[in-house]
Amino acid sequence: MASPSSSVEIKYNQLFINNEFVDAVSGKTFATVNPSTGEKICGVAEGDKADVDRAVVAAQAAFAADSPWRKLSAAQRGQLLFNLANLIERDQEYLAKLESLDAGKLHFDTKVIDLPSTVEHLRYYAGYADKIYGKTMPTENDFFTYTRKEPIGICAAILPWNFPLVLLTWKVGPALATGNCIIVKPSENTPLTTLYFASLVKEAGFPAGVFQVIPGFGSGAGAALAQHMDIRKVSFTGSTKVGKLIQKYAADSNLKRVSLELGGKSPNIILEDADLDYAVHWSAMAVFFNTGQCCTAGSRTFVHESIYDEFVKRSVEHAKSVHPGDPFDPNSKVGPVVNEFQMKRVLEMIESGKSDGAKLMCGGTRLGQSGYFIQPTVFADVTDNMRVAKEEIFGPVQQILKFHDLSEVIERANQTSYGLAAGVFTRDINKALKIAHGLHAGTVWVNCYNIIKPQMPFGGYKESGIGREMSEDVFNEYTETKSVMVKIC
């Protein structure tokens, strides 16, 4: 099988404001880098507060009461989203290559998983646009009382680098379906597909100012969005540390609405009756998929003591078969981490595991001298007090812990500040449900992992976030509920 070409034409590298690509006010640019080589792909316009102010002015005009955007019916907004989904589907091969180049993601994954998921989510929100409605309430006989679901206004979305296109649609889809305007700051590590997406928004027919993109850094464009007095809502996906900062910015500015999808240290629990090969396969995918750069990564693999040694043995064999390599090579099973800083952090966490007494079973080192590749790594004899069992690693590192019984493992699984996701592998549905109901996690997968569909709410407990993305629940994050009472004479 021939490898798809890694040569990708870069079509857009400026800010997208008021339906036009423009330079930053400052004239500054920053480099976006190919994680597979460490080499610069291109320069990208670096937005900051002045550019955010420009975008907000355009969004205010787009959201004005008599604007073309506000005059559209809900069904017409949905049709624009359908148009956008169709354009992404048309250009999916180009977008998949661009995502792989900029983020270091396997081309197979971007083509088979990310792009279809992006289209699927947009079509879900498009179909929901004219199905968001209020209620009538029985009050007194001579009153007519009802509620309206109204758009918040100008929203901001601050994106991570691990799933740039997919997570973009998680935020943009519901924001636009409900009639808001939105300004997006992509990660400085992966801005390119978001900028191309912007060109398709314009082609789809969205009015100027409805969707805008300000590439830049968190301290510049990100902080300006979170602090802006005329932005009424910010949605952020990223680290818990930055999420807390954004919440503080929101409180100190205008008490803007905030939804946060943050970090995780998710337990993946393997019971003694599980199909061992099946559980090994899914557990490896839970930590090695996307090079371990998933907030939901099943990075605490709890295995029953009666099958522990065999599970570790098979997991090591599996990890050794997961070959890192060029994302455009179909033989590669895992790509690089996103940048040098992340590579060094993952390697430092691996060293901490060794120094804390965990047993390194395989991997644990950088692969090659160009790019940011790390060998898939497995630790055994991990205990709850080790850093690798407590802190989010965001790399291809599996920690395998031993447990004795259900009550113990549920208690230990919940002993974390996070609560994003979890997994359970067993043939016993009663045990599966007991664990699923006992875990403090927003999503629990049984006999599978990392399966995400637009119909299911997604979000975390505790320090894994606030609010929910996807499903009908997400529309509450982008609407205000207005009560109206009419006296009948």
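Student: Requested: an account of a nonpolar patch on the surface, with residues and values cited.
Tutor: Where nonpolar side chains cluster on the molecular surface, the patch consists of Phe 108, Val 112 and Ile 113 and spans about 280 Å² of accessible area. Mapped onto the elements, Val 112 comes out in helix α5 (residues 107-128).

Student: So, the nonpolar core: which residues are in play, and what are the values?
Tutor: If you look at the biggest cluster of nonpolar residues, it comprises 91 residues, and the most contacted ones within it are Leu 84, Ile 88, Ile 182, Phe 197, Phe 206 and Phe 211. Setting aside anything within four residues of it in sequence, one finds Phe 211 in contact with Phe 16, Leu 168, Val 172, Ile 182, Val 184, Phe 197, Ala 198 and Val 201.

Student: How would you sum up the sheet that holds strand β17 (residues 377-380)? Please name residues and give values.
Tutor: One open sheet holds the seven strands; their spatial order is β14-β17-β18-β13-β12-β19-β20, and the pairing between them is mixed. At either margin of the open sheet sits one strand with a lone partner, and together these are β14 (359-362) and β20 (443-446). Pairs of neighbouring strands in the sheet enclose a mean axial angle of 25°, with direction left out of account. The sheet contact formed by strand β13 (residues 300-304) and strand β18 (residues 397-403) spans four bridges and is parallel. Bridge pairing in β18 places Phe 302 opposite Leu 401. Sitting on the sheet, helix α10 (residues 276-288) touches β12 (267-270), β13, β17, β18 and β19 (421-425), and the angle it makes with β18 is about 130°. Running over the sheet, helix α14 (residues 406-413) touches β12, β13 and β18 and is turned about 140° from β18.

Student: Account for the packing of aromatic side chains, with residues named and values stated.
Tutor: The relation between two aromatic rings is expressed through the spacing of the ring centres and the mutual angle of the planes. Scanning the model with the defined rule gives 19 aromatic pairs in all. Measuring from ring centre to ring centre gives 5.5 Å for Trp 161 and Phe 394, while their planes differ by 85°; the resulting arrangement is edge-to-face. A residue pair is termed long-range when its members are at least 10 positions apart, and Trp 161 in the loop between β7 (154-158) and α6 (164-177) and Phe 394 in the loop between α13 (387-390) and β18 qualify at 233 residues. A residue is classified by how much of its surface remains accessible, and Phe 394, at 16% relative accessible area, is buried. One aromatic cluster in this structure is built from Tyr 12, Phe 16, Phe 21, Tyr 94, Tyr 196, Phe 197 and Phe 211. A cation over a ring is seen here: Lys 11 above Tyr 94, with NZ or CZ 4.6 Å from the ring centre. A cation over an aromatic ring shows up here: Lys 487 above the ring of Phe 143, its NZ or CZ 5.6 Å from the ring centre.

Conventions adopted
- Residues numbered from 1 in each chain as written.
- Predicted model: local features only at pLDDT ≥ 70, side-chain atom pairs only at ≥ 80, totals over all residues.
- Heavy atoms only, no water.
- Patch = residues over 30% accessible without salt bridge, like charges linked within 9 Å, V, L, I, M, F, W, Y side chains within 5 Å.
- Areas by Shrake-Rupley, 256 points an atom, 1.4 Å probe, with all protein chains shown as cover.
- Salt bridge = Lys/Arg side-chain N within 4 Å of Asp/Glu carboxyl O.
- Helix = DSSP H or I, 4+ residues; strand = E, 2+ residues; numbered from the N terminus.
- Core = buried A, V, L, I, M, F, W, Y, C linked by side-chain atoms within 4.5 Å.
- Buried < 20%, exposed > 50% of the residue type's maximum accessible area, 1.4 Å probe, protein only.
- Contact = heavy atoms within 4.5 Å.
- Pairing = 2+ DSSP bridges.
- Axes fitted to C-alpha atoms, helices over the stretch in contact; angles between N-to-C directions.
- Phe/Tyr/Trp six-rings, centres within 6.5 Å; stacked < 30°, edge-to-face > 60°.
- Lys NZ or Arg CZ within 6 Å of the ring centre and 35° of its normal.

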